[in-house]
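A look at the structure
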Amino acid sequence: MLQPQHITEFFINTFVKKGDVCIDATAGNGNDTLKLAKAVGDDGMVFAFDIQEIAIENTKALLLENNIKNTELILDSHSEMDKYINQKVKAVVFNLGYLPGGDHNLQTKWETTTIAIEKALELISGDGFIAIMIYYGKNSGTVEKDALMEFLKNLNHKNYTVTTHDFYNRPNNPPLTAIITKN
Ligand code: SAM
């Protein structure tokens, strides 16, 4: 059965090539960092951000288990990504919401998420993309989703294409995935 994460995986598997540089904007338990690291291979590089030490530790453990070395884990907000990365990247992946099993108060917030997306737009290469998995329906997730959808709608259509992928007939607010590419 098609699952929400398959949308981002499709874009990673289709567009990310060996040797690319990518960013995981929300490392969490490291699942997306691992997917990106495998896609870029030993010659590529993945930068992964999270504001929680436990998320960085969980990601580090998952990467170690999988013998992955081509990553840099950064304990900071994704809204600061331009301070750490000064090269073009193929993909920036956001998986919004809170750390599964973690503190729900430390979930992503639209104010910093939109700053991070603006910075990611500057960092992606001409053939790059941004994937944003938007969880909503709990705590302030709906606030973040509504603000982000408004932000994405207003991105200049001459410069960017935004598509959204919704599991339209599935109950319980399944996450929405937005993909941004450059024109
Ligand atoms: N991609 C992760 C995975 O594969 O396991 C799941 C990510 S989880 C849904 C969201 C993560 O975003 C949490 O670990 C949370 O700490 C992190 N987060 C919240 N605000 C952030 C920010 N401003 N910058 C970076 N990470 C943030």
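Above: the structure in question.
What counts, and at which threshold
- Here the residue index of a chain counts from 1 through its sequence in written order.
- Selection of residues for local features in this predicted model requires a pLDDT of at least 70, selection of side-chain atom pairs for listing and counting requires 80 or more, and totals for whole chains, interfaces and linings are taken over all residues.
- For side-chain calculations, the full set of non-hydrogen atoms in the structure is used, while hydrogens and water are omitted.
- Secondary structure elements are taken from DSSP: a helix is a run of H or I of four residues or more, a strand is a run of E of two residues or more, and numbering for both begins at the N terminus.
- Relative accessibility thresholds used throughout: buried, under 20% of the residue-type maximum; exposed, over 50%; partly exposed, between the two (1.4 Å probe, protein chains only).
- Residues are classed as near a molecule or strand on a simple rule: at least one heavy atom within 4 Å of it.
- Counted as a polar contact is a pair of N or O atoms within 3.5 Å, where, for protein atoms, one must be capable of donating a hydrogen and the other of accepting one, and residues adjacent in sequence contribute only when both atoms are in side chains.
- All accessibility values rest on the Shrake-Rupley procedure with a 1.4 Å probe; residue burial counts only the protein chains present in the view.
- Side-chain classes follow a simple rule in which Ala, Val, Leu, Ile, Met, Phe, Trp, Tyr, Cys and Pro form the nonpolar group, Asp, Glu, Lys and Arg form the charged group, and the remainder, Gly included, forms the polar group.
- Two aromatic rings, drawn from Phe, Tyr or Trp (for Trp, its six-membered ring), form a pair once their centres lie within 6.5 Å of each other, and the interplanar angle then sorts them: stacked below 30 degrees, edge-to-face above 60, tilted otherwise.
- Here, a charge over a ring means that NZ of Lys or CZ of Arg falls within 6 Å of the ring centre while also lying within 35 degrees of the ring normal.
- Here the rule is simple: two strands pair whenever DSSP picks up at least two bridges between them.
- Throughout, right-handed denotes a crossover for which the path from the first strand over the helix to the second runs clockwise when the strands point away from the viewer.

This paragraph deals with the overall build of the protein. Looking only at helices and strands, the protein has five helices and seven strands in total. Taken from the N to the C terminus, the helices and strands of the protein come in the order α-β-α-β-α-β-β-α-β-α-β-β. Here the C-alpha coordinates of the protein stretch approximately 40 × 40 × 35 Å along the principal axes. When each of the 183 residues of the protein is scored for burial, the buried share is 49%.

So, on to the site of the ligand. Around the ligand there are 23 residues in total, and Thr26, Asn29, Asp32, Asp50 and Gln52 lie nearest to it. Take threonine 26: an N or O atom from its main chain is 2.9 Å from a nitrogen atom of the ligand. Here the ligand, which alone exposes 610 Å², has 95% of that area covered by the protein. Here the residues of the shell around the ligand are counted per class, giving eight nonpolar, 12 polar and three charged.

Moving on, we get to the packing of aromatic side chains. Summed over the entire model, instances satisfying the criterion amount to five aromatic pairs. Centroid distance phenylalanine 15 to phenylalanine 129: 6.1 Å. Interplanar angle 55°. Geometry classified as tilted. Linking phenylalanine 15 in helix H1 (residues 5–15) with phenylalanine 129 in strand S5 (residues 124–134), this pair joins segments that are 114 residues apart in sequence. For phenylalanine 15, a relative accessible area of 38% translates into the label partly exposed. Positioned over the ring face of tyrosine 136 is lysine 145, at 4.6 Å from the centre of the ring.

What follows deals with the pairing of strand S3 (residues 71–75). Regular strands place side chains that alternate from one sheet face to the opposite one. The sheet contact formed by strand S2 (residues 45–50) and S3 spans five bridges and is parallel. When the sheet's bridge partners are listed, alanine 48 is paired in S3 with leucine 73. As for the winding sense of the linkage, the β-α-β connection from S2 through helix H3 (residues 53–65) to S3 is right-handed.

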